[in-house]
Amino acid sequence: MSQDLSEAPIPDWPHRALDVPRLIAEGWSPRPFRDYVLKVHQRCNLACDYCYMYTMSDQSWRTRPAVMSTEVASAAADRIRAHARAHRLDTVRLILHGGEPLMAGRDGLRSIVGTMRAALTGTCAVDFGLQTNGVLLDEAMLAELRSLGVTVGVSLDGPPADNDRHRRRADGRGSFAAVHRALTLLDRADNRSAYAGLLCTIDPDTDPLACYRTLLGYHPPAIDLLFPHANWAEPPPRARAGETPYADWLIAIFDEWYGAEHQATRIRLFESVINLVLGGGSRSEQVGLSPVAVAVIETDGAVEQEDSLKSAYDGACATGTNVLTHDLDAALLHPGIVARQIGERALADSCRPCEWRRICGAGHYAHRYRRSKGFRNPSVYCADLTRLITHVHRRVADDLARLTGARP
């Protein structure tokens, strides 16, 4: 059932300071949930040292069922259908997640996908994705996922030694060899339709171009480059104050990617920054002010905010609602959900004068947390984001100037 919030360290922002009824009275209305993360399995077969789920503040996985039951899956399907009908949605996206979702097995995944598809048929279209560490992705599992119409994203952090520095099994053995086998399968012509892309967590100690070229070797349709989850209470390691190791790492890859005659893949962070520089929106939660409408459904049915908030404090994801007892609109007006949808009104006072505020958007919401002020702060990666955005802006402005003959 839903997590008990009675002892959770509820922060001032947004839980106490954000006046949701007033926003509604002023004409604001929430964006309905279109994206759902289904925690089909709570456990994992890797012990990655940076994992927000197992190594950081929130340890709620310990008290939840290991596997999503048929009862919870059916209730979730009914709630998603009702929400789609109430808000007249034409499509929703469901991501099978964990822990490690492949630990649910082929039968378990087939049952959950079948339950969801049956419930939503005639209501809206549904896209299924799955995010995996790749260790259990063999031919039989991939054939099953392909037959179910599920696309697959895989996590990989670069060359063997760099990947295995962080992404290891509990006994210390690295995961690269198993992931290599999985990606070799995904890259086959008959499996390409199921290949969603790669997810890579930034490590400034990894050579950025060696990492990028390793990822490109598997011909991914897209790459997500992610800042490690950190915040003002648990900041990322830095060599010296004033340095920007994460931006420096990203810029090295950006310059090679952006300057290539033919871009080999899409990189969502870079595309989003470019689009924001040109006045558009963002597809990445790491930048911009585009509204976020994601609900996480845990194995016990709890409806939660984005699971990366587990990196902040125990109970940070909780909304106090559950698909077994609540409709999804009950979670939609939770202050934490609302704060992700109100744009500049959620920014810290120190962010408002910044020339990059609409592009940066204070970075990933989880990276803003500070014990004294909650989530109304600049990103703990503020300096890195400023340097990255400044660099991308300069490159794009120079190219536009050359095309138009205008001065940048």
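Quick caveat, the model's predicted, so the values are computed rather than measured.

The rules we used
- Residues numbered from 1 in each chain as written.
- Predicted model: local features only at pLDDT ≥ 70, side-chain atom pairs only at ≥ 80, totals over all residues.
- Heavy atoms only, no water.
- pLDDT = per-residue confidence, 0-100.
- Contact = heavy atoms within 4.5 Å.
- Helix = DSSP H or I, 4+ residues; strand = E, 2+ residues; numbered from the N terminus.
- Buried < 20%, exposed > 50% of the residue type's maximum accessible area, 1.4 Å probe, protein only.
- Axes fitted to C-alpha atoms, helices over the stretch in contact; angles between N-to-C directions.
- Parallel < 35°, antiparallel > 145°, perpendicular 65-115°, else oblique.
- Left-handed = near helix turned anticlockwise from the far one by under 90°.
- Nonpolar A, V, L, I, M, F, W, Y, C, P; charged D, E, K, R; others polar.
- Phe/Tyr/Trp six-rings, centres within 6.5 Å; stacked < 30°, edge-to-face > 60°.
- Lys NZ or Arg CZ within 6 Å of the ring centre and 35° of its normal.
- 1 Å grid on protein atoms, 1.4 Å probe; cavity = no way out; pocket = protein on both sides within 12 Å on 5 of 7 lines; lining within 4 Å.
- Points joined across faces, edges and corners; volume = space filled by probe spheres on them.
- Salt bridge = Lys/Arg side-chain N within 4 Å of Asp/Glu carboxyl O.
- Polar contact = N/O pair within 3.5 Å; in protein donor to acceptor, adjacent residues only side chain to side chain.
- Disulfide = S-S within 2.5 Å.
- Pairing = 2+ DSSP bridges.
- Core = buried A, V, L, I, M, F, W, Y, C linked by side-chain atoms within 4.5 Å.

Q: Go over the confidence of the model for the chain with me, naming the residues and quoting the values.
A: In the predicted model, the chain carries a mean pLDDT of 95, and 97% of its residues have values of at least 70. Segment residues 1–7: pLDDT under 50, and 18 contacts once partners within four positions in sequence are set aside and those in other chains are kept.

Q: With reference to specific residues and values, describe the side chain of Gln341.
A: Along the chain, Gln341 falls in the loop between helix H12 (335–339) and helix H13 (357–360). By relative accessible area, which is 7% here, Gln341 ends up buried. Ignoring any residue separated from it by four or fewer positions in sequence, one finds Gln341 in contact with Trp28, Pro30, Arg31, Pro291, Val292, Ala293 and Leu332.

Q: Let's hear about the packing of helix H8 (residues 208–216) against helix H9 (residues 245–259): which residues, and what values?
A: Contact pair H8 / H9: the axes reach a minimum separation of 8 Å and the direction vectors enclose 50°. Between H8 and H9, the angle is such that the two are oblique. Like other packed secondary-structure pairs, H8 and H9 cross with a definite hand, here right-handed. Between H8 and H9, the residues in contact are Pro208, Leu209, Cys211, Tyr212 and Arg213 and Trp249, Ala252, Ile253, Glu256 and Trp257, respectively. Here the residues of the contact of H8 with H9 are counted per class, giving eight nonpolar, no polar and two charged.

Q: I'd like a rundown of the packing of aromatic side chains, residues and numbers included.
A: For the structure on display, the rule yields 13 aromatic pairs. Residues Phe227 and Tyr246 carry aromatic rings whose centres are separated by 6.3 Å and whose planes lie at 45° to one another, so their mutual orientation is tilted. Taken as a pair, Phe227 in the loop between strand E6 (222–226) and H9 and Tyr246 in helix H9 lie far apart in primary sequence, 19 residues in all. Joined through ring pairs, the aromatic side chains of Phe254, Trp257, Tyr258 and Phe270 make up one cluster. Across from the ring centre of Trp232, 4.5 Å away, lies the NZ or CZ of Arg370, which sits over that ring.

Q: Requested: an account of the layout of surface pockets, with residues and values cited.
A: Left-over empty space is what a probe sized like a water molecule reveals as it rolls over the atoms. For the second largest pocket, the calculated volume is near 450 Å³. Lining the second largest pocket we find 25 residues, and of these Tyr50, Pro228, Pro236, Pro237 and Tyr246 sit closest to its centre. Within the lining of the second largest pocket, the residues separate by chemical class into 13 nonpolar, five polar and seven charged.

Q: Account for the pattern of salt bridges, naming residues and giving values.
A: By the definition in use, this model includes 29 salt bridges. Counted as one network, the salt bridges with shared partners bring together Asp58, Arg64, Glu298, Asp300, Glu304 and Lys310.

Q: Got a sec to walk through H8? Specific residues and values, please.
A: Along H8, the positions that sit buried rather than exposed are Pro208, Cys211, Tyr212, Thr214, Leu215 and Leu216. Buried residues along H8 sit against helix H7 (176–186), strand E5 (195–201), E6, H9 and strand E7 (266–267). Two or three places before Leu209, at the start of H8, stands the capping residue Asp207, its side-chain oxygen 3.1 Å from that residue's backbone nitrogen.

Q: Summarise the state of the cysteines; cite the residues concerned and give the values.
A: Using the criterion set out here, one finds zero disulfides in the structure. The thiol of Cys200 is not disulfide-bonded; the next cysteine sulfur, from Cys211, is found 3.6 Å away. Free of any disulfide, Cys354 has its nearest cysteine sulfur in Cys382, 6.6 Å distant. By relative accessible area, which is 28% here, Cys354 ends up partly exposed.

Q: Tell me about empty space enclosed by the protein, and please be specific about residues and values.
A: Within this structure, the stated rule accounts for one cavity of 30 Å³ or more. Roughly 60 Å³ of internal volume is contained in the largest cavity. Surrounding the largest cavity, Val292, Ala293, Val294, Gln305, Glu306, Gly336, Ile337 and Arg340 form its lining. Here the lining of the largest cavity is built from residues that sort into four nonpolar, two polar and two charged.

Q: Report on the sheet that holds strand E1 (residues 35–39), specifying residues and quantitative values.
A: Strand order in this open sheet of 10 strands is E7-E6-E5-E4-E3-E2-E1-E8-E9-E10, and the pairing throughout is mixed. In this open sheet, the two edge strands, each paired with only one partner strand, are E7 and strand E10 (318–322). The pairing of E1 with strand E8 (residues 294–297) spans four bridges and is classified as parallel. In the strand pairing of E8, Tyr36 is matched with Ala295. Sheet strands in contact with H7 are strand E4 (150–155) and E5, and its direction is about 145° off that of E4.

Q: Describe the nonpolar core, listing the residues and the values that go with them.
A: Tyr36, Leu38, Leu94, Leu137, Leu225 and Phe270 are the most contacted members of the largest nonpolar core, which totals 91 residues. Per element, the largest residue contribution to this core is nine residues, and it comes from H9. If sequence neighbours within four positions are ignored, Tyr36 has contacts with Ile80, His83, Val92, Arg93, Leu94, Ile95, Ala295, Ile297 and Leu328. Counting residues in each nonpolar core, the second largest holds 19 residues, with Val20, Leu23, Ala316 and Ala346 among its members.

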